[in-house]
Amino acid sequence: MLVLLSLHLALALIAPLLVRWWGRRACYPLALAPAATFGWAVAQTGTVRGGGSVTETYGWVSQLHLELALRVDTLSWLMLLLVGGVGALVLVYCAHYFAADSPGLGRFAATFVGFAGAMLGLVVTDNLVLLYVFWELTTVCSYLLIGQHPEKWASRRAASQALVVTSAGGLAMLIGLIMLGEHAGTYRISELGDAPLPTGGALTAVVVLILVGALTKSAIFPVSFWLPAAMAAPTPVSAYLHAAAMVKAGVYLVALLAPLLATATPWRPMTLVAGVVTMLAGGWAALRQTDLKLLLAYGTVSQLGLLFVLTGEGTRDAALAGTAMLLAHALFKSALFLVVGIVDHSAGTRELPSLSGLWRRMPLVCAAAVLAAASMAGVPPLLGFVGKEALFEAFRHDPLLLAVLVAGATLTVAYSLRFLWGAFAGKTGQPPTPTRPVAPTMLAPVAVLALAGLVTGVLAGPVDVLLVPYAGRFGPGKYHLGIWHGPGLAVALSLVALAAGGLLFALRDRFAPIVARLRAPFDGGVAYERTTYWLDRVAVEVTGATQRGSLPQYLGTILVVLVVVPGGALLLGRPWPERITLWQSPVQLMIAGVLITAAVLTVRARRRLTAMILVGVTGYGTAMMFVLNGAPDLALTQFLVETVSIVMFVLVLRRFPANFSARPLRRSRWLRVAIGTAVGLVMTGLALVAAGGRKAVPISVDFAELAVSYGHGRNIVNVTLVDIRAWDTMGEIAVLVVAATGVASLIFQRPRAGPGPRRPNVGRRAHSRSDRRRERVWLRAGPTLRDRRRSIVFEVVTRLIFHTIVLFSLYLVFSGHNAPGGGFSGGLVAGLALAVRYFAGGRFELDEAAPVDAGMVLGAGLFVSVGAGVLALLLGVDVLQSAVVDLVLPVVGEVHLVTSLFFDLGVYLIVVGLVLDVLRSLGAEVDRQIEAGIGPETELEPLRERELT
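So, here's what we can say about the structure. On a predicted model such as this, the values are computed, not experimentally measured, just so you know.

Along the chain, the position of glycine 283 falls in helix H13 (residues 267–286). Distance from glycine 283 to valine 852, taken between C-alpha atoms, is 72 Å for residues 569 residues apart in sequence. Dropping the residues within four chain positions of it, glycine 283 is found in contact with Tyr298, Ser302, Leu411 and Tyr415.

What follows is the structure in structure tokens.
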């Protein structure tokens, strides 16, 4: 089974390429995937016939007890035959249905094969969660198939409608499946029968939620409207999805869980009422359709309702009738949809009033259609008749429901005759419709499906032997499928339905006004449109009322909710420790006072630069707290991060007004102080509760020993980052690269091609000794700045300390495994060195200091970090685990190399690239925009080219 799933996946992936090579003929090799499913199912017939099952289990995530559990029994075997057999025939049909230059054929073929694989997985899975995964895969694939023609509004509307309805039902079903699996203690479907079920309200909720998913998938009342709308899809899609596969998924789920849940109180009422209403409403609506495809769509809705009644009844005879009708419906309805495709393809229309005399021009197609429609109407000896007799027999003890089923069968006969008459009969006063020849590859699938309905009807006895094992799960019974059981109630009711349906069709002109006027009290499609409209409208109004463009308002709302909800819970529950140590040293108290003062002054500040400096004070104060608590690594990182943040703030604040607001905001400032104080108290309380609520021994207690034995380093913080929890660090630096690239792309107004062009006089040497004496250049790009912006002292200091800072950053990288430091700290120090060069010499000096593209540095860092993981594998340890390499080098001597150093070097490059990207985007690029007069005016005066030269 896993091989079959892999085959579908492989062919779906290469389908666009095959279509590009062979055009529509690529459908032939693609049909091999569902054909293989059909062939494999046929090969398992012997096992299934005796009531056995075929199972496959593959390990997946053992820690979460997840596995790929696959199982085929009688019910899933029957679905495999339909999914595989009908799928292969429809793909063969597609080879001539679509035009040779049909747009999107490659996408269609890939999605179709992918859908077949998803249906295969849905019916063979033995795990509730995996069933939901495949369930939603069919939803996504059906959305793509229905919307095959995105340029048409009807296709887009139908696809989105089907997606929304079935996805919503799927989410409800997922909740029910999780409740069922958690209460039973297993998610294996085959084990649920021996597991305890929920009771009371929990069982009711499980049943309702699961049935909601099945209702939406199979287009059962009250969501039947999406299936007729889905006829906007190409006809082969309707023949497969809406006759043999997707819409059968809901029926399959009901049949699968009926042995387990049919005795629950809401199960039978829901399946019975929804099924009966759908059957009658769909059959009645089919009588007034003038489009052959819509006629079949409403007929499909009607018979899906019937299947819902049969599979949801929960008795042995109803289950047997349900599986027989499931098979019969897939055969005759897929054949009839393909007939509609042939008529539309050959005659150019599928409107009943426009078709006339096709039985003469398409005798073979007409013969196949007659066989399929006769099976749909329940004419002996076709399988539809066998299934109809079985359903009458199953409900013979319920006269009211039996009468309703006879009414549904009558409507089926009437719209079956209407289909044959509308498609093939000659119309009075209507000339014969001209047609084109029918390709054999389009006729063959229709003939096979129609003849299959005849053969399985004649061989009803062997079919019964194959289907009885499933029905036997509901208990013993005497009824068996057969062509003839002798005179009785079932035969009489079949004759009544045939006669009444024929009479209803014969008097169609007289009944036409009644059929046109008698409609459902509300249209599901209209209700859906109005619901989605009002949801959109409410969303617009809520967005307009809340999204006012005020960042303080957004943050204030979030923080107030934080204070009210978690803060209220803290006040009510009072879960904090009884004894709280406020400080351990008077120095901590002094620093806390500085932090509080700076925070309050920050909120009261009117100038942005003042607020930024005060925020920096709180950051440096926090770093001092780390120092006092014996965390030098955290303190070093905090100092560096705070410094880089100040640099970023300075760069950004150039584009903002100096003050926050020109209005007096004294009252709002005090309100912000109050909110900030309340948030601080709540967060303090939460921290105390979290620290005091620990019950298990923290895993970090072992880090000191692991740092040495596992990571070969004495700096626990650094070893944790680059070894013990290296996967976390890998994810974080990957996010950092993505974020840096995204932020820079928002600011750059031209391609990020690395350093900017050199300007005249940048690094130009004087040609004479006197020129060299007259022109002292401490920074190569210093002369590009205007005199009033230059600081010779700053340039001299920068010239003296730059290389020392870079060397110190490298020292931090190489020493970080055993002492405070590491790649992150070293990268921040190197980034600050670049920032100093930028502030001293401007954007051209930054290009001289780092003549590389920041994106290349970021990518190189990520590449080196990933390469460190690969290197660990080559050295025989786990991915990203540290390995020791001892070398003896000339002059240097013995070298004790730990491979995590390379991971740290990658982090170093990423941080340097990030800071360089910030300086280039928020710094150099903003400078360029200011010089070019782009954006708001600032205090900086544009530089002119003549001043640069």
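From this point, things continue past the structure.
The next thing to look at is the environment of methionine 362. When you line up the elements, methionine 362 lands in the loop between helix H16 (358–361) and helix H17 (363–377). Measuring from C-alpha to C-alpha, the distance between methionine 362 and glycine 906 comes to 71 Å, with 544 residues separating the pair along the chain. Discounting chain neighbours no more than four positions away, the residues touching methionine 362 are Ile342, Ser346, Thr435 and Val438.

How two helices sit against one another is set out by the angle between their axes and by the gap between those axes. Packing of helix H7 (residues 128–146) against helix H8 (residues 153–184) leaves a shortest axis separation of 9 Å and a crossing angle of 175°. Relative to H8, the element H7 is oriented roughly antiparallel. The residue inventory of the contact of H7 with H8, partitioned by class, reads 15 nonpolar, seven polar and one charged.

Here the focus is helix H19 (residues 399–424). With 26 residues, H19 should reach 38 Å at 1.5 Å per residue; the first-to-last C-alpha distance of 38 Å fits that figure. Burial analysis of H19 places 19 of its 26 residues in the buried class, which makes it a mostly covered element.

Moving on to the environment of alanine 497. With respect to the helices and strands, alanine 497 occurs in helix H22 (residues 489–506). Classification of alanine 497 by relative accessible area gives buried; the value is 0%. Along the primary structure alanine 497 and valine 673 are separated by 176 residues, whereas in three dimensions their C-alpha atoms are 80 Å apart. Leave out the neighbours within four places in its chain, and alanine 497 touches Lys388, Val406, Ala409, Thr410 and Val413.

Moving on, we get to the packing of aromatic side chains. In this structure the tally under the stated criterion is 14 aromatic pairs. Ring geometry for phenylalanine 225 and tyrosine 528: centres 5.6 Å apart, planes at 40°, overall tilted. Here tyrosine 528 lies in helix H24 (residues 524–546) and phenylalanine 225 lies in the loop between helix H9 (200–217) and helix H10 (226–229), a separation of 303 residues in the sequence. By relative accessible area, phenylalanine 225 is classed as buried at 15%. A relative accessible area of 14% places tyrosine 528 in the buried class. With 6.3 Å between their ring centres and 20° between their planes, phenylalanine 808 and tyrosine 811 make a pair best called stacked. Linking phenylalanine 808 with tyrosine 811, this pair stays in helix H34 (residues 792–815), spanning three residues, or about one helical turn. Looking at phenylalanine 808, the relative accessible area reads 41%, which means it is partly exposed. Taken together, the aromatic side chains of Tyr93, Tyr97, Phe98, Phe108, Phe112, Phe115 and Tyr240 make up a single cluster linked through ring pairs. The aromatic ring of tryptophan 421 is capped on one face by arginine 508, whose charged end is 4.5 Å from the ring centroid.

So, on to the layout of surface pockets. Roughly 1,200 Å³ of volume is contained in the largest pocket. Along the walls of the largest pocket sit 30 residues, with Leu551, Pro552, Leu555, Phe660 and Arg672 positioned nearest its centre. Elements that contribute at least two residues to the lining of the largest pocket include exactly helix H25 (551–573), helix H26 (586–604), helix H27 (608–628), helix H28 (632–653) and helix H29 (666–692). For the lining of the largest pocket, the class distribution of residues is 18 nonpolar, seven polar and five charged. Within this model, the second largest pocket holds a volume of roughly 940 Å³. Around the second largest pocket, the lining comprises 24 residues; the ones closest to its centre are Ala592, Ile596, Gly680, Leu681 and Thr684. Those elements giving two or more residues to the lining of the second largest pocket turn out to be H26, H27 and H29. Here the residues of the lining of the second largest pocket sort into 14 nonpolar, ten polar and no charged.

Here we take up H25. Owing to its 3.6 residues per turn, the α-helix aligns residues three or four sequence positions apart on the same side. Helix length check: H25 (23 residues) gives 33 Å between terminal C-alpha atoms against 33 Å at 1.5 Å per residue, within 8%. Helix geometry: H25 is bent most strongly at glycine 567, by close to 30°. The complete set of buried residues in H25 reads Gly556, Gly567 and Leu570. Of the residues trailing H25, arginine 574 is marked for its positive phi of about 45°.

The next thing to look at is the side chain of aspartate 126. Along the chain, aspartate 126 turns up in the loop between helix H6 (105–124) and H7. We classify aspartate 126 as buried; its relative accessible area is 3%. A distance of 2.7 Å separates the side chain of aspartate 126 from the side chain of serine 190, its partner in a polar contact. Discounting residues that sit within four places of it in the chain, aspartate 126 has contacts with Ala69, Leu70, Arg71, Tyr187, Arg188, Ile189 and Ser190.

Before going further, it helps to examine the pattern of salt bridges. Side chains that carry opposite charge are capable of pairing whenever their charged atoms lie near each other. Counting across every chain of the model gives twelve salt bridges. Linking arginine 316 and aspartate 317 is a salt bridge whose minimum nitrogen-to-oxygen distance equals 3.1 Å. Exposure remark for aspartate 317: the relative accessible area of 22% places this residue in the partly exposed category. A salt bridge links glutamate 845 to arginine 837; the nearest nitrogen and oxygen atoms lie 2.5 Å apart. A relative accessible area of 10% places arginine 837 in the buried class. One continuous salt-bridge network, built from bridges that share partners, spans Glu67, Asp126 and Arg188.

Right, let's get into unusual backbone geometry. Phi is mostly negative for residues that are not glycine, and the peptide bonds are mostly trans. With an omega of 10°, the peptide bond running from phenylalanine 221 to proline 222 counts as cis. Mapping proline 222 onto the fold places it in the loop between H9 and H10. Here proline 380 and proline 381 are connected by a cis peptide whose omega angle stands at 5°. Mapping proline 381 onto the fold places it in the loop between H17 and helix H18 (383–394). At alanine 219, a residue that is not glycine, the phi angle is positive and equals roughly 55°. Mapped onto the elements, alanine 219 comes out in the loop between H9 and H10. Of note, histidine 712 is a non-glycine position whose phi angle comes to about 60°, a positive value.

Cut-offs and rules
- Residues numbered from 1 in each chain as written.
- Predicted model: local features only at pLDDT ≥ 70, side-chain atom pairs only at ≥ 80, totals over all residues.
- Heavy atoms only, no water.
- Helix = DSSP H or I, 4+ residues; strand = E, 2+ residues; numbered from the N terminus.
- Contact = heavy atoms within 4.5 Å.
- Axes fitted to C-alpha atoms, helices over the stretch in contact; angles between N-to-C directions.
- Parallel < 35°, antiparallel > 145°, perpendicular 65-115°, else oblique.
- Nonpolar A, V, L, I, M, F, W, Y, C, P; charged D, E, K, R; others polar.
- Expected span 1.5 Å × (residues − 1).
- Buried < 20%, exposed > 50% of the residue type's maximum accessible area, 1.4 Å probe, protein only.
- Phe/Tyr/Trp six-rings, centres within 6.5 Å; stacked < 30°, edge-to-face > 60°.
- Lys NZ or Arg CZ within 6 Å of the ring centre and 35° of its normal.
- 1 Å grid on protein atoms, 1.4 Å probe; cavity = no way out; pocket = protein on both sides within 12 Å on 5 of 7 lines; lining within 4 Å.
- Points joined across faces, edges and corners; volume = space filled by probe spheres on them.
- Bend = angle between axes of the 7 residues up to and from the residue.
- Polar contact = N/O pair within 3.5 Å; in protein donor to acceptor, adjacent residues only side chain to side chain.
- Salt bridge = Lys/Arg side-chain N within 4 Å of Asp/Glu carboxyl O.

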